[in-house]
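Spelled out, the chains give:
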Amino acid sequence: MNKVILMGRLTRDPEVRYSAGENSLAIARYTLAVDRRFRRDGEATADFIPCVVFGRGAEFAEKYFHQGIRIVVSGRIQTGSYTNREGQRVYTTEVVVEEQEFAESKAASDNYAASHPRTSAPAPEAPAAPDTAASIDGFMNIPDGIDEELPFN
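The model shown is predicted, which means the values in this text are computed figures rather than measured ones. (Residues numbered from 1 in each chain as written. Predicted model: local features only at pLDDT ≥ 70, side-chain atom pairs only at ≥ 80, totals over all residues. Heavy atoms only, no water.)

Undergrad: Where do I start with the overall build of the protein in this structure?
TA: For the protein, the helix and strand inventory stands at 2 helices and 6 strands. For the protein, with 153 residues in total, the buried portion stands at 23%. In the protein, once contacts between residues fewer than 6 apart in sequence are set aside, the share between residues at least 24 apart is 59%. On the protein, roughly 11,900 Å² of surface is accessible, and the fraction owed to carbon and sulfur atoms is 52%. (Helix = DSSP H or I, 4+ residues; strand = E, 2+ residues; numbered from the N terminus. Buried < 20%, exposed > 50% of the residue type's maximum accessible area, 1.4 Å probe, protein only. Contact = heavy atoms within 4.5 Å. Areas by Shrake-Rupley, 256 points an atom, 1.4 Å probe, with all protein chains shown as cover.)

Take a look at the structure:
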């Protein structure tokens, strides 16, 4: 079975291209910085995993993903090779993404972006949200005593 699940931050904005032809297909490429669980000499380390996603997933990545955002992807590992201009054989390994989703709330992503400034233009600020029952982590606060109102117990 060839199945991989990764959670990490995008190292840069996705690069999206469209295939040529009558039925053009979106192809997005991005790299995930995936923290290693164990640290050597107390220093954080990460692996940088190249990912590719096709079709509607690529269009989604183009529209909503940006450098620094934390996402979860699942897919398969694909290896390949090609001959470069110098005539040398180059071997590749990448994750072909089948599913992708956000791994943190927008507020947490914005806080990360604020503490890790980008080298390009800053993202536009979101308008202030009206006073709601949502907490800072993006989840709604559930009042005590709600258990009696639920149809299952």
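Undergrad: Teacher, can you tell me more about the pairing of strand E3 (residues 26-35) here?
TA: Remember that side chains alternate between the two faces of the sheet whenever the strand is regular. A large share of E3 lies buried, amounting to 7 of its 10 residues. Bridge analysis of strand E1 (residues 4-10) against E3 gives 2 bridges, and the strand direction is antiparallel. Counted as the bridge partner of Leu10 is Leu32 from E3. Judged from the 4 bridges that link them, strand E2 (residues 15-18) and E3 form a sheet pairing that is antiparallel. Paired with Glu15 across the bridge in E3 is Arg29. Across 9 bridges, the pairing between E3 and strand E4 (residues 46-54) is antiparallel. Following the sheet pairing, Ala28 is matched in E4 by Val53. (Pairing = 2+ DSSP bridges.)

Undergrad: For this particular structure, what's the right way to read the environment of Arg9?
TA: Following the sequence through the fold, Arg9 ends up in strand E1. For Arg9, a relative accessible area of 13% corresponds to the buried category. Sequence separation of Arg9 and Ile69 is 60 residues, and the distance between their C-alpha atoms is 5.3 Å. Residues within four places of Arg9 in sequence aside, it is in contact with Thr31, Leu32, Ala33, Gly68, Ile69, Arg70, Glu104 and Tyr112. Of the polar contacts made by the side chain of Arg9, one reaches the side chain of Glu104; its length is 3.0 Å. (Polar contact = N/O pair within 3.5 Å; in protein donor to acceptor, adjacent residues only side chain to side chain.)

Undergrad: It is not clear to me how the environment of Ile27 should be interpreted in this structure. Could you clarify?
TA: Tracing the backbone through its elements, the reader meets Ile27 in strand E3. For Ile27, a relative accessible area of 24% translates into the label partly exposed. Note: C-alpha distance between Ile27 and Arg17 (10 residues apart in sequence) is 5.4 Å. Excluding its chain neighbours within four sequence positions, the residues that come into contact with Ile27 are Glu15, Val16, Arg17, Val52, Val53, Phe54 and Ala58.

Undergrad: Which parts of the structure should I look at to understand the pattern of salt bridges?
TA: Once their charged atoms are close, side chains differing in charge can pair, the charge on each being opposite to the other. Tallied over the entire structure, the rule returns 6 salt bridges. A salt bridge links Glu15 to Arg17; its shortest N-O distance comes to 3.2 Å. Residue classification places Glu15 among the partly exposed residues on the basis of a relative accessible area of 36%. Of the charged contacts, one joins Arg70 and Glu104 as a salt bridge, the two residues approaching to 3.9 Å between their closest N and O atoms. Of this pair, Arg70 sits in strand E5 (residues 70-83) while Glu104 sits in the loop between strand E6 (89-102) and helix H2 (106-115), and the two are 34 residues apart along the sequence. By relative accessible area, which is 26% here, Arg70 ends up partly exposed. (Salt bridge = Lys/Arg side-chain N within 4 Å of Asp/Glu carboxyl O.)

Undergrad: Looking at this model, I keep getting lost on the packing of aromatic side chains. Mind explaining?
TA: Given two aromatic rings, one states the distance between the centres and the angle between the planes to describe the pair. Under the counting rule described, the total for this entry stands at 5 aromatic pairs. Aromatic pair Phe65 and Phe102: ring centres 5.6 Å apart, planes at 80°, arrangement edge-to-face. With Phe65 in the loop between helix H1 (56-64) and E5 and Phe102 in strand E6, this residue pair connects regions lying 37 residues apart in the sequence. Residue Phe65 is classed as buried on the basis of its relative accessible area of 4%. You can call Phe102 partly exposed: its relative accessible area is 38%. Counting every residue linked through ring pairs, the aromatic cluster contains Tyr30, Phe60, Tyr64, Phe65 and Phe102. (Phe/Tyr/Trp six-rings, centres within 6.5 Å; stacked < 30°, edge-to-face > 60°.)

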